[in-house]
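Understanding the architecture of this molecule
Next come the chains, spelled out residue by residue.
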Amino acid sequence: MANCAIVGVNWGDEGKGRMVDLLTGNYDIVVRYQGGGNAGHTVINEYGKFALHLLPSGIFRKGVVNILGNGVALDPENLWTEIEDVTSKGVAISPQNLKISDRASLLLPWHRELDALEEARLADKQYGSTKQGIAPFYSDKYQKKTVLAGELFYPEELRSHLADILEWKNLTLTRVYGADPFTMEMLDEWLANCCEKIKPFICDTGEFMKAAQREGKNILFEAQLGSLRDLDYGIYPYTTSSNTMAAYAPIGSGLPSAKIRDIVGVVKAYSTCVGEGPFVCEMFGAEAEELRKAGVEYGAPTGRPRRVGPIDIVATRYGAEVQAATEIALTKLDVLSYMDKIPVCTHYLLNGEKTDRFPFPTALSAAKPVIEYFDGWKCDISGVRRWEDLPEAARKYVSFIEEAIGCPITYISVGPERDSIIIRK
Ligand code: GDP
């Protein structure tokens, strides 16, 4: 076995959590390398149904070590709530199976508030933030105005570091937004009530991973969101504030020397998108509502209805390319079973011309989808476990996508449960 990354190819919510949960059995370490509590990975297994926000999806497997790398937005308060929720359902979490990088920056108490204040200021021009404080967190991280998890072991220095940041941040809160300032007492309470609880999990995860690699252990890198939300390669500014690319995994995980051989790009059999921004293949009205209901497309952290559409070949090909995906996991194929004819967005129409190239973000709003229809299969495929047993129309649909995006589809997911999968390799 070699190292593997599981990444999103579309706008997020492709079913990455379900794929990581399936594949973690083959790996020793699962590491989250970017993002924070602004997306949810839904995992269904023998312990129940979970919406994981920050915990790596390998947390359910005995013997797997889960790591939160230096690239994540570490919100101590939300992480602790999540740990309590998962342990209450019988899953053991200890410093043996969960390790937090001492180089992970902490999401500070004002980040969520700043997110909400900025969205309110933007009014009808909102980016559609989940208000988890992710954008303010990452901008502060790159301004070097947050603290590292490992600083919790240096309480005196930490307090003085926090006091400096507090003074600066209160200028923004009060003068820009007219909000109330934070106080050192509030920070002391946050340190005592939230940070102390996660302290036992903090360590030098880079050393741990280096040693694990020397011993021949295999690492699974777990991404959050998808290619089109990547800060540099996505639909800027409607992106997230971190890099969702597999290429970022070594940096954000704490093992910059890591080599990743297998990159599993997760693609949904149709498209969904949460929040604002261009979504060329979007469906509306009754047709959209039917697909949304069939796929239960409501966001994990917020419950808001997702925008839906047919699979977008132009965006998916681009998404797979920038991820350098070596194989594809196609999820939720079962959701399309109700359709007589299955729409596929094969090209975009841009300035009167048909194109299969994903446009520059600013040009996207002028692009129109070119739709082709495929025959539906109109039967329940959730029990199918072998490629040969899929109805011919379903095989044609999958084969068309595979050829159009130029990457082998090695997994086809036909249900949310761990074993509802067709493996083609
Ligand atoms: P992630 O953030 O990429 O992990 O995706 P989400 O958890 O937001 O969305 C995936 C949703 O689809 C979850 O509710 C999964 O349980 C569910 N799911 C995953 N794969 C399948 C599938 O093949 N069929 C069906 N019906 N549901 C699936």
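The structure we're discussing is the one just above.
The model shown is predicted, which means the values in this text are computed figures rather than measured ones.

The next subject is the overall build of the chain. The number of helices and strands found in the chain is 11 helices and 19 strands. The C-alpha atoms of the chain give 22 Å as radius of gyration, which agrees with the globular expectation for 425 residues (22 Å, within 12%). Based on the C-alpha atoms only, the size of the chain along its principal axes is roughly 65 × 50 × 35 Å. A buried classification covers 58% of the 425 residues belonging to the chain. For the chain, restricting intrachain contacts to residue pairs at least 6 apart in sequence, the fraction spanning at least 24 positions comes to 75%. Of the roughly 17,800 Å² of accessible surface on the chain, 52% is carried by carbon and sulfur atoms. Where the 47 positive side-chain charges of the chain centre and where its 57 negative ones centre are 2 Å apart.

Next up on the list: the site of the ligand. Among the 18 residues in the neighbourhood of the ligand, the closest are listed as Lys 16, Gly 17, Thr 42, Asp 334 and Ser 413. For the ligand, an oxygen atom lies 3.1 Å from a polar atom in the backbone of Gly 415. Contact with the protein chains covers 91% of the free accessible surface of the ligand, which is 590 Å². Residue composition of the shell around the ligand, by class: four nonpolar, seven polar and seven charged.

Attention now moves to the pattern of salt bridges. For the structure shown, the criterion picks out 27 salt bridges. Residues Glu 196 and Lys 199 are paired through a salt bridge, measuring 3.6 Å at the closest nitrogen-oxygen approach. For Glu 196, a relative accessible area of 44% puts it in the partly exposed group. For Glu 297, the salt bridge goes to Arg 306, with nearest N and O atoms at 2.7 Å. The exposure class of Glu 297 is buried, given its relative accessible area of 0%. Shared partners join several salt bridges into a network, and the residues in it are Asp 13, Lys 268, Glu 297, Arg 306 and Lys 332.

Reading guide: rules and limits
- Residues numbered from 1 in each chain as written.
- Predicted model: local features only at pLDDT ≥ 70, side-chain atom pairs only at ≥ 80, totals over all residues.
- Heavy atoms only, no water.
- Helix = DSSP H or I, 4+ residues; strand = E, 2+ residues; numbered from the N terminus.
- Rg over C-alpha atoms; globule rule 2.2 N^0.38 Å.
- Buried < 20%, exposed > 50% of the residue type's maximum accessible area, 1.4 Å probe, protein only.
- Contact = heavy atoms within 4.5 Å.
- Areas by Shrake-Rupley, 256 points an atom, 1.4 Å probe, with all protein chains shown as cover.
- Lys, Arg positive; Asp, Glu negative; His and termini not counted.
- Charge placed at Lys NZ, Arg CZ, Asp CG, Glu CD.
- Near = heavy atom within 4 Å.
- Polar contact = N/O pair within 3.5 Å; in protein donor to acceptor, adjacent residues only side chain to side chain.
- Nonpolar A, V, L, I, M, F, W, Y, C, P; charged D, E, K, R; others polar.
- Salt bridge = Lys/Arg side-chain N within 4 Å of Asp/Glu carboxyl O.

These results come straight from atomic positions and should not be treated as a statement about function.
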